Protein chains: 2
Amino acid sequence: MKAEKIPDIIVGRLPIYLRALQRMADNGLKTTSSQELGERVGISAAQIRKDISQFGDFGKQGTGYSIEYLLNKLREILKVDRVWDVVLVGAGDMGHALVNYQGFKNRGFRIAAIFDADKNKVGRKVGEFVIEDAENLVEKVKALDVKVAMLTIPATAAQAVAEKLVQAGVKAILNYAPISLNVPDHVKVQYIDPSTHLQRMTYYL
Amino acid sequence: MKAEKIPDIIVGRLPIYLRALQRMADNGLKTTSSQELGERVGISAAQIRKDISQFGDFGKQGTGYSIEYLLNKLREILKVDRVWDVVLVGAGDMGHALVNYQGFKNRGFRIAAIFDADKNKVGRKVGEFVIEDAENLVEKVKALDVKVAMLTIPATAAQAVAEKLVQAGVKAILNYAPISLNVPDHVKVQYIDPSTHLQRMTYYL
DNA sequence: CCTGACTTGTGTATAATGGCACAAAATGTC
DNA sequence: GACATTTTGTGCCATTATACACAAGTCAGG
């Protein structure tokens, strides 16, 4: 184990391992090997061993890894051994879908509030939440001390809202708006844009 | 220009450039430079020049790139100078959100059909589409000659459906199900899993 | 036409990433 | 207890990706 700086590319693979391990645990499996895990996620066994060994000696020679133990370690490393409050900005179709999505439970996240700039939407309910006015975004997010946000708004509004989120102390933004965001280095952004993802594949067709 | 094999990592950046250029064109801009584009998308100017130069000499020294020209070249390279039919499997909340999403237009994609395994949903309408029975998936997809699919179904069903899509000739799958898919090498998969994306960022919090 | 400010495309250096192979440890069998 | 099998963690090396730097081309202004 080396507690040095971990490359982003390795951090990016950990959630993939975590997801597969969670699934194995749900299926009642107790142990696994780098080879088996690798076949499941499509990554070489050597790569997986190297990635995991960056954080400690979690495996046992001849036996492999205890799924439960590795799960807990990965959750700890990724800091999802707790539940993060997430604010959602944008109560359109995608916002609704995310509110109803059951996949945040048990994976470390919980939606804490929903905002929209459209006055006609403010006050309405989405699931169990009342849509709040985006004008109060900074103030409310600060009060809730939320560090994670999801952006499901048009591209035209995204940069301005991102800046408000940063101002409110948000450190991680999952951006569904089809535009690159400019944020300070200490703020992380991940992008989800179906057209962009599809275009990455059409090259090979 | 070198018509060699282009690394996947470069292909992955092209849609980002394309998106930014499209936005610039919409704003009435005529030319740009690798530096300006780089600032917009958060990638170094040198990187952008090198990426683009893999496909040809599209820029002009002293002037930069014609946005319109570069747009057309990138569309051509990514094969989105045409419109791809896409099948959507899974008529849940996420499926509905994607049907209503306006961001496929003008970016090379059009939903052609929707399938679901739930007999209660089959026959109902989503937007302008009638939900079709997933039992007929292979047959219908073959008949439509569709090469691109989006999967918005539970993880438990994803692998089986992916295999049916491959059997039907699909070559690109955008997978919203939270599970890694095993498909032949000639089939491309892109993953969209909000929890995974969020977990990639919580590491740094 | 000359000069200065820009900007591309690329050769080269540097850094990061991934693959291979193996010693060492754990387990099970006879 | 000896031996065959399995599997980890890691050192080494090849490959890949990024950063740097600059010659050469372009353009506007006087």
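The model shown is predicted, which means the values in this text are computed figures rather than measured ones. (Residues numbered from 1 in each chain as written. Chains lettered and ligands numbered in written order. Predicted model: local features only at pLDDT ≥ 70, side-chain atom pairs only at ≥ 80, totals over all residues. Heavy atoms only, no water.)

Concerning the overall build of chain A
Worth spelling out the cut-off: Secondary structure elements are defined from DSSP: runs of H or I of at least 4 residues count as helices, runs of E of at least 2 residues count as strands, and each element is numbered from the N terminus. Partly exposed describes any residue whose relative accessible area lies between the buried limit of under 20% and the exposed limit of over 50%, with all areas from a 1.4 Å probe on protein chains only and scaled to the type maximum. When checking whether two residues touch, look at their non-hydrogen atoms; a contact exists if any pair is within 4.5 Å. Working definition of accessibility: Shrake-Rupley area with a 1.4 Å probe, residue cover restricted to the visible protein chains. As used throughout, the charge tally considers Lys and Arg to be positive and Asp and Glu to be negative, leaving His and the chain termini uncounted. Every charge is mapped to an atom, namely NZ of Lys, CZ of Arg, CG of Asp or CD of Glu.
Of regular secondary structure, chain A possesses 8 helices and 10 strands. Projected onto its principal axes, the C-alpha positions of chain A cover 60 × 40 × 35 Å. Looking at chain A as a whole, 52% of its 205 residues are labelled buried. Put simply, 55% of the contacts in chain A that link residues at least 6 apart link residues at least 24 apart. Counting every atom, chain A has about 9800 Å² of accessible surface; 49% of that belongs to carbon and sulfur. Chain A carries 28 positive and 23 negative side-chain charges, and their two centres are separated by 4 Å.

Focus on the pairing of strand 4 (residues 84-89) of chain A
Residues and elements named next belong to chain A. The condition that has to hold: Pairing between strands requires that DSSP locate at least two bridges from one strand to the other. Crossover handedness is defined here as right-handed if the route from the first strand over the helix to the second strand goes clockwise, with the strands pointing away from the viewer.
Taking burial as the measure, the 6 residues of strand 4 include 5 buried ones, the bulk of the element. Sheet topology places strand 4 next to strand 5 (residues 109-116); 6 bridges connect them, and they run parallel. Note on strand 5: the bridge partner recorded for Trp-84 is Phe-109. Since strand 4 and strand 5 lie parallel, the crossover through helix 5 (residues 93-100) that links them has a hand, and here it is right-handed.

Things to note about the protein's contact with DNA strand C
The test is simple: A cutoff of 4 Å decides nearness: a residue is near a molecule or strand if any of its heavy atoms lies inside that distance of it. N or O atoms closer than or at 3.5 Å make up a polar contact, with two conditions inside protein: a donor-capable atom paired with an acceptor-capable one, and, for residues adjacent in sequence, both atoms drawn from side chains. For this classification, Asp, Glu, Lys and Arg are treated as charged, while Ala, Val, Leu, Ile, Met, Phe, Trp, Tyr, Cys and Pro are nonpolar and the rest, including Gly, are polar.
Taken together, 24 residues lie near DNA strand C, and Lys50(A), Gln61(A), Ser34(B), Arg49(B) and Tyr65(B) sit nearest. Each atom of DNA strand C within 4 Å of the protein was assigned to sugar, phosphate or base; sugar and phosphate come to 63%. A distance of 2.8 Å separates a base oxygen of DNA strand C from a polar side-chain atom of Gln61(B). With respect to DNA strand C, the side chain of Tyr65(B) contributes an N or O atom lying 2.7 Å from a phosphate oxygen. Counting residues per element, the ones that place at least two in the surface near DNA strand C are helix 1 (8-26) and helix 3 (45-53) of chain A together with helix 3 (45-53), strand 2 (59-60) and strand 3 (64-66) of chain B. Of the residues assigned to the surface near DNA strand C, the class counts are 4 nonpolar, 12 polar and 8 charged.

Some details on the packing of aromatic side chains
The condition is simple: Any two rings among Phe, Tyr and Trp, with Trp reduced to its six-membered ring, count as a pair given centres within 6.5 Å; such a pair is stacked if its planes are under 30 degrees apart, edge-to-face if over 60, and tilted if neither. Charge-over-ring contacts are defined here by two conditions on Lys NZ or Arg CZ: a distance within 6 Å of the ring centre and an angle within 35 degrees of the ring normal.
Taken as a whole, this structure holds 7 aromatic pairs over all chains when the rule is applied. Geometrically, the ring pair formed by Tyr203(A) and Tyr204(A) is edge-to-face, given 5.0 Å between the ring centres and 85° between the ring planes. Taking the relative accessible area as the measure of exposure, Tyr204(A) reaches 30% and is therefore partly exposed. Grouped by ring-pair contacts, the aromatic residues Phe55(A), Tyr203(B) and Tyr204(B) constitute a single cluster. Its end group placed over the ring of Tyr203(B), Lys79(A) keeps NZ or CZ at 5.7 Å from the ring centre. The aromatic ring of Tyr204(B) is capped on one face by Lys188(A), whose charged end is 4.1 Å from the ring centroid.

Overview of the nonpolar core
Note the cut-off: What makes a nonpolar core is a set of buried Ala, Val, Leu, Ile, Met, Phe, Trp, Tyr and Cys residues whose side-chain atoms join them at distances within 4.5 Å.
In terms of nonpolar packing, the biggest core is built from 97 residues, with Ile114(A), Met150(A), Ile114(B) and Met150(B) touching the most fellow members. Those residues in contact with Ile114(A) that sit more than four places away from it in its chain are Leu88(A), Ala91(A), Val99(A), Val126(A), Phe129(A), Val130(A), Ile131(A) and Glu132(A).

Things to note about the protein's contact with DNA strand D
Neighbouring DNA strand D are 26 residues, the closest being Ser34(A), Arg49(A), Tyr65(A), Lys50(B) and Gln61(B). When the atoms of DNA strand D within 4 Å of the protein are sorted by group, sugar and phosphate make up 65%. Between DNA strand D and Phe58(A), the relevant distance is 3.2 Å, taken from a phosphate oxygen to a main-chain nitrogen or oxygen of the residue. Within the side chain of Lys50(B), one N or O atom sits 2.5 Å away from a base nitrogen of DNA strand D. For the surface near DNA strand D, the secondary-structure elements that each account for two or more residues are helix 3, strand 2 (59-60) and strand 3 (64-66) of chain A together with helix 1 (8-26) and helix 3 of chain B. For the surface near DNA strand D, a count of residues per class yields 5 nonpolar, 13 polar and 8 charged.

Observations regarding the relation of the copies chain A and chain B
Where we set the bar: Least-squares superposition of the copies uses the C-alpha atoms of those residues scoring a pLDDT of at least 70 in each of them.
Structural alignment of chain A on chain B gives an RMSD of 0.0 Å, achieved by rotating through 180° and translating 0.0 Å along the axis. Taken together, the turn and the small shift mark the pair as related by a two-fold rotation axis. Most of the interface of chain A is mirrored in chain B, where 100% of its interface residues again form contacts.

Examining the side chain of Gln190(A)
Its place among the elements puts Gln190(A) in strand 10 (residues 188-191). Judged by relative accessible area, which is 15%, Gln190(A) ranks as buried. Among residues more than four places away in sequence, those in contact with Gln190(A) are Ile173(A), Leu174(A), Asn175(A), His197(B), Arg200(B) and Met201(B).

Considering the domain arrangement of chain A
Put simply, the test is: Where each domain starts and ends follows an automatic or database-derived domain assignment.
One can read the domain layout of chain A as domain 1 (8-77) and domain 2 (84-198). Placing the centre of domain 1 of chain A and that of domain 2 of chain A at their C-alpha centroids yields a distance of 30 Å.

Considerations on the interface of chain A and chain B
Filter applied, for reference: We define buried area as the total accessible area lost by two parts upon association, computed with a 1.4 Å probe and summed across both. Only one rule defines a salt bridge in this text: a Lys or Arg side-chain nitrogen within 4 Å of an Asp or Glu carboxyl oxygen.
With 61 residues of chain A at the interface, the matching set in chain B holds 61 residues. Across the interface of chain A and chain B, roughly 6000 Å² is buried in total on both sides, 62% from carbon and sulfur atoms. Three residues, Gln199(A), Tyr203(A) and Leu205(A), lead the burial of chain A against chain B; their summed loss comes to 13% of the area buried on that side. Taken together, the links from chain A to chain B amount to 6 salt bridges. Ionic pairing is found between Asp193(A) and Arg107(B), a salt bridge with its closest N-O pair at 3.1 Å. Elements represented by at least two residues in the side of chain A that touches chain B include exactly helix 1, helix 2 (34-41), helix 5, strand 8 (148-151), helix 7 (155-167), strand 9 (172-175), strand 10 and helix 8 (194-202) of chain A. Class assignment of the residues belonging to the side of chain A that touches chain B gives a composition of 36 nonpolar, 12 polar and 13 charged.

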